[in-house]
Amino acid sequence: MKTFPDKHGHFGEFGGQFVPETLMSCLADLKKAFATLRKQKAFQQELAHYLNDYAGRPTKLYFAERLSQKFKNLKIYLKREDLLHTGAHKINNTLGQILLAKHMGKTRIIAETGAGQHGVATATVSALFGLKCQIYMGQQDMERQALNVFRMQLLGATVVPVTSGSQTLKDAMNEAIRDWVTNVRDTFYIIGSVAGPHPYPLIVREFQSIIGREARMQFLLKEKKLPDYLVACVGGGSNAMGLFHAFYQDHRVQMIGVEAAGRGVNTDHHSATLSSGSIGVLHGSKSELLQTKDGQIRIAHSIAAGLDYPGVGPEHAYYKKIGRARYESVTDQEALSGLKLLSETEGIIPALESSHAIFYLTKMNRQVKKKSSVIVCLSGRGDKDMHTVREKLLK
Ligand SMILES: *Cc1c(COP(=O)(O)O)cnc(C)c1O
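Residues numbered from 1 in each chain as written. Predicted model: local features only at pLDDT ≥ 70, side-chain atom pairs only at ≥ 80, totals over all residues. Heavy atoms only, no water.

## Some points on the side chain of Ser271
Its location among the elements puts Ser271 in the loop between strand S10 (254-262) and helix H12 (273-276). Assessed through its relative accessible area of 1%, Ser271 is described here as buried. There is a polar contact of 2.8 Å between the side chain of Ser271 and the backbone oxygen of His301. Apart from the residues within four sequence positions on either side, Ser271 is in contact with Glu259, Ala260, Leu290, Ala300, His301, Ser302, Leu307, Asp308 and Tyr309. (Helix = DSSP H or I, 4+ residues; strand = E, 2+ residues; numbered from the N terminus. Buried < 20%, exposed > 50% of the residue type's maximum accessible area, 1.4 Å probe, protein only. Polar contact = N/O pair within 3.5 Å; in protein donor to acceptor, adjacent residues only side chain to side chain. Contact = heavy atoms within 4.5 Å.)

## Examining the site of the ligand
The full set close to the ligand counts 18 residues, and Lys90, Gln117, Ser193, Gly235 and Ser238 are the nearest of them. Taking His89, its side chain carries an N or O atom lying 2.9 Å from an oxygen atom of the ligand. The contact in question runs from an oxygen atom of the ligand to an N or O atom on the backbone of Gly235, over 2.7 Å. With the chains in place, 97% of the 390 Å² that the ligand exposes on its own is no longer accessible. Tallied by class, residues from the shell around the ligand come to five nonpolar, eleven polar and two charged. (Near = heavy atom within 4 Å. Areas by Shrake-Rupley, 256 points an atom, 1.4 Å probe, with all protein chains shown as cover. Nonpolar A, V, L, I, M, F, W, Y, C, P; charged D, E, K, R; others polar.)

## Let's talk about the environment of Asp186
Topologically, Asp186 is positioned in the loop between helix H8 (169-183) and strand S8 (187-189). On the basis of relative accessible area, Asp186 is assigned to the partly exposed category, the value being 30%. Distance from Asp186 to Arg108, taken between C-alpha atoms, is 6.0 Å for residues 78 residues apart in sequence. Each residue touching Asp186, except ones within four places of it in the same chain, is listed here: Lys106, Thr107 and Arg108.

## A closer look at the packing of aromatic side chains
With the rule as written, the count across this model stands at nine aromatic pairs. Seen in terms of ring centroids, Phe4 and Tyr318 are 4.7 Å apart; in terms of plane orientation they differ by 45 degrees. Their pairing is tilted. With a gap of 314 residues between them, Phe4 in the segment before strand S1 (10-11) and Tyr318 in helix H13 (residues 314-322) connect regions that are remote in the sequence. Judged by relative accessible area, Phe4 falls into the buried class, the value being 18%. Given a relative accessible area of 10%, Tyr318 falls into the buried group. (Phe/Tyr/Trp six-rings, centres within 6.5 Å; stacked < 30°, edge-to-face > 60°.)

## Considerations on the pairing of strand S5 (residues 108-113)
Within S5, six of the six residues are buried, which leaves the element mostly enclosed by the surrounding structure. Bridge analysis of S5 against strand S6 (residues 132-138) gives six bridges, and the strand direction is parallel. Residue pairing in the sheet places Arg108 in a bridge with Lys132 of S6. Assessed by its sense of winding, the connection that carries the chain from S5 through helix H5 (residues 117-129) to S6 is right-handed. (Pairing = 2+ DSSP bridges. Right-handed = clockwise from strand over helix to strand, strands pointing away.)

## Here's the deal with the pairing of S6
Along S6, five of the seven residues are buried, which leaves the element largely enclosed by surrounding structure. Judged from the five bridges that link them, S6 and strand S7 (residues 158-162) form a sheet pairing that is parallel. Paired with Gly138 across the two strands is Val162, which belongs to S7.

## Quick word on the pattern of salt bridges
Oppositely charged side chains can form a pair if their charged atoms are brought close together. For the structure on display, the rule yields 21 salt bridges. For Asp82, the salt bridge is made with Arg80, and the minimal N-O distance between the two is 2.8 Å. Assessed through its relative accessible area of 4%, Asp82 is described here as buried. Exposure remark for Arg80: the relative accessible area of 13% places this residue in the buried category. Through salt bridges with shared partners, a single ionic network connects Arg57, Lys79, Glu81 and Glu214. (Salt bridge = Lys/Arg side-chain N within 4 Å of Asp/Glu carboxyl O.)

## Observations regarding H8
Side chains three or four residues apart in an α-helix point the same way, a direct result of the helix having 3.6 residues per turn. The terminal C-alpha atoms of H8 lie 21 Å apart, and with 15 residues this matches the ideal 21 Å at 1.5 Å per residue to within 8%. Among all positions in H8, only Leu169, Asp171, Ala172, Met173, Ala176, Ile177, Asp179 and Trp180 are buried. (Expected span 1.5 Å × (residues − 1).)

## Here's the deal with a nonpolar patch on the surface
Together, Leu147, Phe150 and Leu154 make up an exposed nonpolar region whose accessible area comes to about 360 Å². As for its position among the elements, Phe150 is in helix H7 (residues 146-154). For Phe150, a relative accessible area of 47% gives the class partly exposed. (Patch = residues over 30% accessible without salt bridge, like charges linked within 9 Å, V, L, I, M, F, W, Y side chains within 5 Å.)

## Brief notes about the nonpolar core
If you look at the biggest cluster of nonpolar residues, it comprises 38 residues, and the most contacted ones within it are Leu95, Leu100, Trp180 and Tyr189. Taken together, the elements giving at least two residues each to this core come down to helix H1 (21-37), helix H2 (41-55), helix H4 (90-103), S5, H5, H8, S8 and helix H9 (200-208). Among the nonpolar cores identified, the runner-up in size contains 31 residues, and Phe11, Ile210, Val234 and Tyr327 belong to it. (Core = buried A, V, L, I, M, F, W, Y, C linked by side-chain atoms within 4.5 Å.)

## Some points on the side chain of His118
One can find His118 in helix H5. Of the polar contacts made by the side chain of His118, one reaches the backbone nitrogen of Gly192; its length is 3.4 Å. In contact with His118, other than residues within four places in its own chain, are Lys90, Thr94, Ala111, Glu112, Thr113, Ile190, Ile191 and Gly192.

## Quick look at the packing of H1 against H9
Contact pair H1 / H9: the axes reach a minimum separation of 10 Å and the direction vectors enclose 30 degrees. Of the possible angle classes, the one that applies to H1 and H9 is roughly parallel. The two elements H1 and H9 meet at a crossing, and its hand is left-handed. Residues Leu27, Leu30 and Phe34 of H1 lie in contact with H9, whose contacting residues are Tyr200, Leu202, Ile203, Glu206 and Phe207. Of the residues assigned to the contact of H1 with H9, the class counts are seven nonpolar, no polar and one charged. (Axes fitted to C-alpha atoms, helices over the stretch in contact; angles between N-to-C directions. Parallel < 35°, antiparallel > 145°, perpendicular 65-115°, else oblique. Left-handed = near helix turned anticlockwise from the far one by under 90°.)

Structure representation (structure tokens):
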């Protein structure tokens, strides 16, 4: 069977490397180092040590009995990534990439962040490994997410305000790439989702695919069969791809990615890239994205800060194209009711991102014909969102 990406990093027509000439050799070095290290037993053992003893893997696959009772047609299992150190799946990837950095002899870490969650996950592992860390963040985002800026600083990172353009994520991405071009000898660039130029989508998929490998084994052990459905929220797409990848060849397992419809996919305020985007280049790779007719990146919106990314990983664009997964969307309001639903039925307050996947179950319940089993990726916990949720629900 053909595997993806191909050696140039293409998933069908998506992916690739759209970067300044000077970065091509860095990407080649990274690709080579990754290919070598991933095969080394010592590297895998070191990674497993940090994932298990530091981050708290393996995470539980929990049968949500009371939530399932709400739905006539669904038997729901939750993959509890919310129980990891720092409260979300992002740590799986930042731990993996910082180990790559260490073995490549890099001494300085850079990243960009929108809402600050990837920034915090990167600052966390930089502290853990004692590496210098610089995070690029749009000036506007810094004001909106002051608490995450403070967290990163507390963890010893320097947060650099980006004042160009719209002063948000895409401008921070440009600055991080510019930094990397200049300082590539000692600097490792940690990308936070299955996006960016090849080999990043492959690297991030590999580090997140532990989610699906564990979930597949855990489900088989409990149910003696495979699940009918996988459901996960999609921002850049790393928790979803992390869950999906291990099931790619299980053709009867259906995959559903849930994007953020914000105030509605027909408004200018959403992040439903696969539901309403078009093909273009962002962040060094070709995928679907939200753009204006003349190719300007549109500002994405979601109540869930981690979903408001105007692009999506190229492998998801490919999955959609070949029909391996389908992509649906859930609005801000619906996500809030998803959050309430899980809180009240299971005593688990999910992140607003994950609440999109939870709410989607109510739509799915109406569509499936016979009793079906589902694994939902609970990508993060809701503590970080209490301020937002309180404001919205009290209104
Ligand atoms: C960042 C984040 C997401 C979105 O990122 P993906 O790459 O799409 O997984 C989802 N859930 C939580 C809790 C996050 O922090």
